[in-house]
Amino acid sequence: MVSTTTHAQRVDSVRRNWAELRSLLVACSPANTQARLTLRMHDRDGEYVSDSVLTWSDLIEMRTTRHIPGYRDALAQAAPQA
């Protein structure tokens, strides 16, 4: 992907994927969005940190409001200087 897209296109791709993920949550049934799942958290080095229990709705909400926007912002700030 990096070799075939511009930096701006990659930032836009993250934004579009974020919007698609949010739309999937809206399309899910309430029973599905409230299904509980266990997350096993690891740090950047792959070391185990903790387990937690969330619903699919909570997980998607966390990813779309905190994680993905943070990745998008970091990617945008890493733009190559011309």
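Per chain, the residues get numbers from 1 upward, laid out in the order the sequence is written. The predicted origin of the model limits local features to residues at a pLDDT of at least 70 and limits the giving and counting of side-chain atom pairs to 80 or more, whereas totals for whole chains, interfaces and linings rest on all residues. For side-chain calculations, the full set of non-hydrogen atoms in the structure is used, while hydrogens and water are omitted.

(A) The overall build of the protein, seen in detail. Helix numbering and strand numbering both begin at the N terminus, where a helix is a DSSP run of H or I of at least 4 residues and a strand a DSSP run of E of at least 2. A tally of regular secondary structure across the protein gives three helices and two strands. Listed N to C, the secondary structure of the protein is α-α-β-β-α in terms of helices and strands. Here the radius of gyration uses the C-alpha set of atoms, whereas the globule reference equals 2.2 Å times the residue count to the power 0.38. Computed over C-alpha atoms, the radius of gyration of the protein comes to 16 Å, more than 25% over the 12 Å expected from 2.2 N^0.38 for 82 residues, which places it beyond the range of a compact globule. In terms of principal-axis extent, the alpha carbons of the protein reach across some 50 × 35 × 20 Å. Relative accessibility thresholds used throughout: buried, under 20% of the residue-type maximum; exposed, over 50%; partly exposed, between the two (1.4 Å probe, protein chains only). Burial statistics for the protein: of 82 residues in total, 21% are counted as buried. Surface accessibility of the protein: about 6,200 Å² in total, with carbon and sulfur atoms responsible for 56%. Charge assignment in this entry is limited to Lys and Arg as positive and Asp and Glu as negative, and neither His nor the chain termini are counted. Lys charges are placed at NZ, Arg charges at CZ, Asp charges at CG and Glu charges at CD. Separation between the mean location of the 10 positive side-chain charges and that of the 9 negative ones in the protein comes to 5 Å. Residue exposure ignores everything except the shown protein chains as possible cover, and the areas themselves are Shrake-Rupley values with a 1.4 Å probe.

(B) Structural detail: the nonpolar core. Side-chain atoms within 4.5 Å are what join buried Ala, Val, Leu, Ile, Met, Phe, Trp, Tyr and Cys residues into a set we call a nonpolar core. Formed by L37, L39, L54, L59 and M62, the largest nonpolar core amounts to five residues. Mapped by element, the contributors of at least two residues to this core are β1 (36-42) and α3 (56-77). Any two residues whose heavy atoms approach within 4.5 Å are treated as being in contact. The contact partners of M62, leaving out residues within four places of it in the chain, are L54 and H67.

On their own, these measurements won't tell you what the molecule is for.
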